[in-house]
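# Structural features, examined
This is what each chain is made of:
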Amino acid sequence: MPENLSPVEKIKKESHALRGTIAEELLNETTGAISEDDQAVIKFHGMYQQDDRDRRDERAEKKLERLYSFMIRLRLPGGFLTPQQWIATHHIAGENSTGVIKITTRQTIQLHGLIKSKIKPTIKAFSAAKLDSIATCGDINRNVICAAHPLQSPIHANVHQYAKKISELLMPKTRAYYEIWLDEEKIADKKDEEDPLYQDRYLPRKFKIAIAIPPNNDVDVFANDIGLIAIIEDNELKGFNIAVGGGLSATHGNPATYPRIATVIGFVAGEEKIFKTVYAIATVQRDFGNRSDRKLARLKYTIDRHGIGWFKEEVERRIGYMLEQPRPYSFTERKDYYGWQQNHDGLWYYTPFVENGRLLDDENAALKTAFLEIAKTGKANFRFTGNQNVIIADIRENDKTAIETILKKFRVDEHTQKASAIRKNSMACVALNTCPLALAEGQRYLPSLITKIEALVNQYDLTKEEIIIRMTGCPNGCARPYLAEIGFVGIAYGSYNLHLGGSHEGTRLNKIYKENLDEGAILNELNSLFLMFSKEKNPAETFGDFAVRKGLVSF
Ligand code: SRM
Ligand code: SF4
């Protein structure tokens, strides 16, 4: 192995098809942690080792090791749970984790705070509910996300199938997950788990795929390594435009890193060709991605290093045909449809507001209890969105009143109606206290900042404006702040860079407007900006477009 490969490359290669020494580490009761190498391997099984950062000092003073626990992330292509799976998840969360069900920005859920001895029971319980966490983290294809709302098209279900099938196409072949967590017998013939796609080195870095159905870009399709844009003509799915090389992370002080939106390289029709193209793109990244510097390993850098023309040709060479010219499409929105909606089949959908995806019972509403009660009726499915929400879905006309009664009883309806437009369009990443990379607060802080921003919005009569605000506790971009109209990116505790100028539809990245702002400075800036916006905006002009027209940030 060449010397300059990153240490993670060696760990993957020597992991015995992602087994590492996890099984042995689980038995080690002297520590709540696992070895460093296994921390890299366990990611491929959908888990991260974390510790409670709020308690680091207190533990250090007492000379105790950090308070270690694990976060687990489910694989839910297209973000779908049956009522039975919801009930199971509710109980697993309560028994094994902090109890909070966290809906992520990629249409799935995470549970935090699992102590080492609880991991196996958790995975077994999920497995009994036909759920798993395989490949939701690590250098591999992650949860494939898909436009959430069945209202978007009468052929939504058809498009959704692609998310499921692509997820299966790009699954690793190793049986390690089943052996370690589900006590499957050790595989005798290594040939059975030969993996032509991932081999023994997997991808150089994480790999993400999203499917959008225009005109709604609710999945932020351009933030993905592969973005598939459904082309629907005459009520028929004709195929997909293929966009490549999206990715949002940047590292403070490292100019070689940058957010990039995906480039549309062509159109593909027909299931077989679509899968072949997606697979080939993953193999080009496998073979040409940077395996020395993980900061420069995502597909966006591979493409920019070699050129988009080269990349397209290399993909075409591998698939054996030319991609067609991209077909016309138009994104006009990027949102969840809150409240009740009915689809073309007469089925009903209710989207409650779940602030930053944190599902729990609090003084505003008993969301978690309400959803359990709804699941117990067996009359609704659960569909997650890429905006950290869940849709209570597929409800028949006759069952609507029963669901409505539960939503009212637990104040979910009131909570959703009361939330302002600006709050409903806001999103923050997890950040503290679990994320080891957080430099500043995310989901624990944004709600209170939004309350202060609401006061400004009211003052300038902008309450109907659906300005997209997003915050992250570091520049990795987990709540996609670089695609927000107002983005806050944490740089130190209590301090954020303010980004402006992202388009409302998620087709244009924003730029840094001011750096290193504390809360007072943020509110001062927004006060001036909202005053200007209220006086000088054109009719129907969005805040992001206004910021660009006024030259607040330059491109
Ligand atoms: Fe993320 C790492 C949380 C979506 C870019 N992300 C992390 C970790 C696992 C921290 C770590 O490596 O130890 C965070 C765990 C926090 C915690 O305690 O739960 C974390 N990311 C999240 C979630 C839960 C944010 C949320 O509040 O919803 C999202 C889970 C999505 C999922 O279900 O799979 C999440 N992360 C994203 C997105 C948005 C997206 O994919 O649409 C991005 C930006 C898009 C992209 O990938 O370019 C994103 N996360 C990152 C990065 C930077 C990757 C890079 O290219 O450098 C890291 C750090 C890393 O990988 O080294 C990261
Ligand atoms: Fe953690 Fe940074 Fe991602 Fe927020 S953006 S969850 S702080 S890695």
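Let me sum up the structure you'll find in this document.

## Quick word on the sheet that holds strand β4 (residues 101-103)
Neighbouring strands of a sheet are bound in pairs by backbone hydrogen bonds; such pairs are parallel or else antiparallel. Strand order in this open sheet of five strands is β1-β2-β5-β4-β13, and the pairing throughout is antiparallel. Pairing within the sheet leaves two strands with one partner each, and these edge strands are β1 (47-51) and β13 (358-359). Packed on one face of the sheet, helix α5 (residues 83-96) meets β4, β5 (109-114) and β13 and runs near 20° to β5.

## Details of the site of ligand 2
Taken together, Cys429, Ala431, Cys435, Leu437, Ala438, Thr472, Gly473, Cys474, Asn476, Gly477 and Cys478 make up the full set of residues near ligand 2. A breakdown of the residues in the shell around ligand 2 according to their chemical character gives seven nonpolar, four polar and no charged.

## Digging into the environment of Glu179
On the secondary structure map, Glu179 appears in helix α8 (residues 176-182). For Glu179, a relative accessible area of 10% corresponds to the buried category. Linking Glu179 and Arg19, residues 160 residues apart in sequence, is a C-alpha distance of 8.7 Å. A distance of 2.7 Å separates polar atoms of two side chains, one belonging to Glu179 and the other to Arg19.

## Quick notes on the pattern of salt bridges
Applying the stated criterion across every chain yields a total of 47 salt bridges. Note that Arg470 is salt-bridged to Asp220, the shortest N-O span being 2.8 Å. In this pair, Arg470 is assigned in strand β17 (residues 469-472) and Asp220 in the loop between β7 (209-212) and β8 (226-233), connecting sequence segments 250 residues apart. The exposure class assigned to Asp220 is buried, which follows from its relative accessible area of 1%. Several salt bridges share partner residues, and in doing so they unite Arg201, Arg286, Asp287, Glu314, Arg317 and Arg318 into one network.

## Description of the nonpolar core
Core analysis: the biggest nonpolar cluster contains 99 residues, and Trp86, Trp181 and Phe371 have the highest contact counts within it. Ranked by residues supplied to this core, first place goes to helix α9 (residues 271-288) with seven residues. Every residue in contact with Trp86, bar those within four places of it in the chain, is listed here: Leu81, Ile101, Leu359, Phe371, Leu372, Ala375, Phe382, Phe384 and Val390. Listed in part, the 32 residues of the second largest apolar core include Leu449, Tyr496, Ile522 and Leu552.

## As for the packing of aromatic side chains
The geometry of an aromatic ring pair comes down to the distance between the two centres and the angle between the two planes. By the definition in use, this model includes 21 aromatic pairs. With a centroid separation of 5.1 Å and 75° between ring planes, the pair formed by Tyr258 and Tyr301 is classed as edge-to-face. With Tyr258 in the loop between β9 (236-244) and β10 (263-268) and Tyr301 in helix α10 (residues 299-306), this residue pair connects regions lying 43 residues apart in the sequence. By relative accessible area, Tyr258 is classed as partly exposed at 27%. Judged by relative accessible area, Tyr301 falls into the buried class, the value being 7%. Through a chain of ring-to-ring contacts, the aromatic side chains of Trp86, Phe371, Phe382 and Phe384 assemble into a single cluster. Across the ring face of Tyr258, the terminal group of Lys300 is positioned such that the distance to the ring centre comes to 6.0 Å. Over the ring of Trp340 we find Lys400, and its NZ or CZ is 4.9 Å from the ring centre.

## Remarks on the sheet that holds strand β19 (residues 495-500)
Strand order in the open sheet formed by five strands is β16-β17-β18-β19-β20, and the pairing between neighbours is mixed. In this open sheet, the two edge strands, each paired with only one partner strand, are β16 (426-428) and β20 (511-517). Pairs of neighbouring strands in the sheet enclose a mean axial angle of 15°, with direction left out of account. Across six bridges, strand β18 (residues 486-492) lies against β19 in antiparallel orientation. Residue pairing in the sheet places Gly490 in a bridge with Tyr496 of β19. Contacting β18, β19 and β20, helix α17 (residues 519-536) runs over the sheet at an angle of about 140° to β20.

## Section: α17
Between its first and last C-alpha, α17 extends 25 Å over 18 residues, near the 26 Å set by a 1.5 Å rise per residue. Within the span of α17, buried status applies to Ile522, Leu523, Glu525, Leu526, Leu529, Phe530 and Phe533. The buried residues of α17 occupy one face: seen down the axis, they fall within an arc of 160°. Those residues of α17 that are exposed and aimed more than 90 degrees away from the buried face are Asn524 and Lys535. Against α16 (446-459), β18, β19, β20 and α18 (543-549) lie the buried residues of α17.

Each value, and the rule that gives it
- Residues numbered from 1 in each chain as written.
- Chains lettered and ligands numbered in written order.
- Predicted model: local features only at pLDDT ≥ 70, side-chain atom pairs only at ≥ 80, totals over all residues.
- Heavy atoms only, no water.
- Pairing = 2+ DSSP bridges.
- Helix = DSSP H or I, 4+ residues; strand = E, 2+ residues; numbered from the N terminus.
- Contact = heavy atoms within 4.5 Å.
- Axes fitted to C-alpha atoms, helices over the stretch in contact; angles between N-to-C directions.
- Near = heavy atom within 4 Å.
- Nonpolar A, V, L, I, M, F, W, Y, C, P; charged D, E, K, R; others polar.
- Buried < 20%, exposed > 50% of the residue type's maximum accessible area, 1.4 Å probe, protein only.
- Polar contact = N/O pair within 3.5 Å; in protein donor to acceptor, adjacent residues only side chain to side chain.
- Salt bridge = Lys/Arg side-chain N within 4 Å of Asp/Glu carboxyl O.
- Core = buried A, V, L, I, M, F, W, Y, C linked by side-chain atoms within 4.5 Å.
- Phe/Tyr/Trp six-rings, centres within 6.5 Å; stacked < 30°, edge-to-face > 60°.
- Lys NZ or Arg CZ within 6 Å of the ring centre and 35° of its normal.
- Expected span 1.5 Å × (residues − 1).
- Arc of directions from axis to C-beta.

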